[in-house]
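Per-entry structural report
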Amino acid sequence: MLNTIEQFVRPEIHSFNAYPVGETTNAIKLDNMENPDAWDQSVVDDWRQRLKLTPINRYPDAEAGPLHAKLREVMGIPDNTGMKLGNGSVELIQMVCMALAKPGATVLAPNPTFGMYKMLAFFANMDYRPVDLNDDFSLNMPAMMQAIEETQPAVVFLSYPYNPAGNLIEERDVCQIIDANPGLVVMGEAYFASAGDSFAKYLDQYNNLMIMRAVSKMGLAGLRLGYMMGNPAWINEFNKVRSPFNINSLTQVSAEFALENRAMFETQTDETCQARDSLYASMKKINATQCCPSQANFILVKPKIGQGNHLFDALKKVAILIRNLGTTVGLLANCLRVTVGTKQENAVFLQALQENS
Ligand SMILES: *Cc1c(COP(=O)(O)O)cnc(C)c1O
C-alpha cells in the first residue's frame with residue numbers, strides 16, 4: 001500500500017509535514033490571534049433566529065450577493081473596485097497562486113512572514129523567493145529591489161500590520177515595490193481591524209495592487225471568510241479558479257448578521273488595542289524579555305538567548321498556550337508570540353511570564 005502511495009503522490013508533498021495547529025485543550029489560548037470575547041447573549045439569540053431561517057437543503061448563493069453588498073457598504077468599497085470572497089483569506093491566496101502558476105513563475109515575499117504564502121506557492125509548483133527582513137522587521141529595500149529585478153515575480157506577498165512582528169512596514173517602501181514589480185502585489189491586511197490604516201487608498205492609483213482581508217482576527221475565526229479587492233481584471237481571472245459555492249450558507253448569513261452588529265466588534269477591537277498596549281508596557285518592564293511594538297492583536301517576544309523553549313514549556317505547564325516560533329532559524333530564533341487575550345487572561349499570562357523570566 002505504502003509503495004503505491006509513494007508511487008503516485010508528489011514526492012515533495014509526501015515528505016512534507018502538515019501545517020502545525022496548536023492543540024485545543026482547556027488551556028488559556030493565546031496562540032492563534034483570535035478575539036477572546038464571545039458575543040453578548042442577546043446578540044447570540046438574534047443570530048440563532050437568523051440561522052433558523054436559513055435553508056440548508058439548497059446550495060448557497062454562489063456569488064454571495066447580499067454579503068458582497070453589505071461588505072461594500074460597511075467597508076466603503078466602491079462599485080468600480082473588484083471584489084471576491086474566499087473560504088478564509090487563505091483560500092484567496094491559494095486562488096492567486098493557482099492562477100499565476102505558470103512554469104517558472106516566482107512568488108516573492110519578505111522573510112520571515114505568514115507561513116501559508118510559502119506553502120501555497122509550493123503546492124502550486126511555483127518558485128518561492130524569500131528576502132530577509134532587516135533586524136527591526138522593516139523591509140530590506142535594496143535586497144527586495146534586487147530580488148524583484150532578478151526574478152520578475154508574478155506576485156509579491158506583503159502584510160500590514162506585518163505578521164509575525166505586528167509592525168507597520170513603511171508606506172513609501174511598499175509603493176516603491178508596487179511601482180517596480182511587473183506582476184501583482186498582494187497586501188495581506190488580516191489585522192485590518194486593529195491597524196487603524198490600510199492600503200485601500202492606493203487602489204485607484206495602482207492596477208497591480210490587491211488587498212486581502214480576513215475577518216478571523218477581529219472575532220469571526222469560526223466562519224472562515226476573507227475578501228480581496230482590487231483591479232476587476234485580476235479578480236476576474238482569480239474567480240475562474242474559485243471552487244463553486246465556496247462560501248457556505250451559514251457563513252454568508254452569519255457574516256451579514258455580524259456586519260449589522262459591527263458596533264459590538266468595534267468596541268471589542270478598541271478594548272483589544274488598549275489591552276495590547278498595556279500588556280506591551282508591562283512586558284517591557286520584565287527585563288529578561290524584549291518585545292516588539294505591535295499594531296495587531298499579538299506581541300512578538302524575544303526572550304534572553306536560549307530561554308524561548310524554556311519559557312514556552314513553563315507557560316504550558318500552567319495551562320497557558322502561546323506560539324513557539326523558536327524552532328525556526330534567523331530573525332525568529334528563540335522567539336515566542338502571544339495573542340492579546342481578555343484582561344484576566346493577560347494578567348495570568350503576565351504573572352507567569354514574570355515568574356519564569
Ligand atoms: C491569520 C492570517 C491570515 C489567515 O486568514 P484567514 O482568513 O483566517 O484564512 C492571512 N494572512 C495573514 C497575514 C495572517 O496573519
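That block above? That's the structure.
A brief structural summary.

What counts as what
- Residues numbered from 1 in each chain as written.
- Predicted model: local features only at pLDDT ≥ 70, side-chain atom pairs only at ≥ 80, totals over all residues.
- Heavy atoms only, no water.
- Near = heavy atom within 4 Å.
- Polar contact = N/O pair within 3.5 Å; in protein donor to acceptor, adjacent residues only side chain to side chain.
- Areas by Shrake-Rupley, 256 points an atom, 1.4 Å probe, with all protein chains shown as cover.
- Helix = DSSP H or I, 4+ residues; strand = E, 2+ residues; numbered from the N terminus.
- Nonpolar A, V, L, I, M, F, W, Y, C, P; charged D, E, K, R; others polar.
- Buried < 20%, exposed > 50% of the residue type's maximum accessible area, 1.4 Å probe, protein only.
- Pairing = 2+ DSSP bridges.

Thoughts on the site of the ligand
The environment of the ligand is made up of 13 residues, and the closest members are Ser-89, Asn-163, Tyr-191, Ser-216 and Lys-217. One nitrogen or oxygen atom from the side chain of Asn-163 is found 2.8 Å from an oxygen atom belonging to the ligand. Side-chain polar atom of Lys-217 to an oxygen atom of the ligand: 3.3 Å apart, as the coordinates give it. A total of 390 Å² of accessible area belongs to the ligand in isolation, and the protein chains cover 93% of it. Within the residue set of the shell around the ligand, elements represented by two or more residues are α5 (89-100) and α10 (216-220). Here the residues of the shell around the ligand sort into seven nonpolar, four polar and two charged.

Section: the pairing of strand β5 (residues 155-159)
Extensive coverage of β5 is indicated by the burial of five of its five residues. What you see with β5 is no split at all: Val-155, Phe-157 and Ser-159 on one side and Val-156 and Leu-158 on the other are buried throughout. Note: strand β3 (residues 106-111) against β5, two bridges, orientation parallel. In the sheet register, Val-107 faces β5, and the bridge partner there is Val-155.

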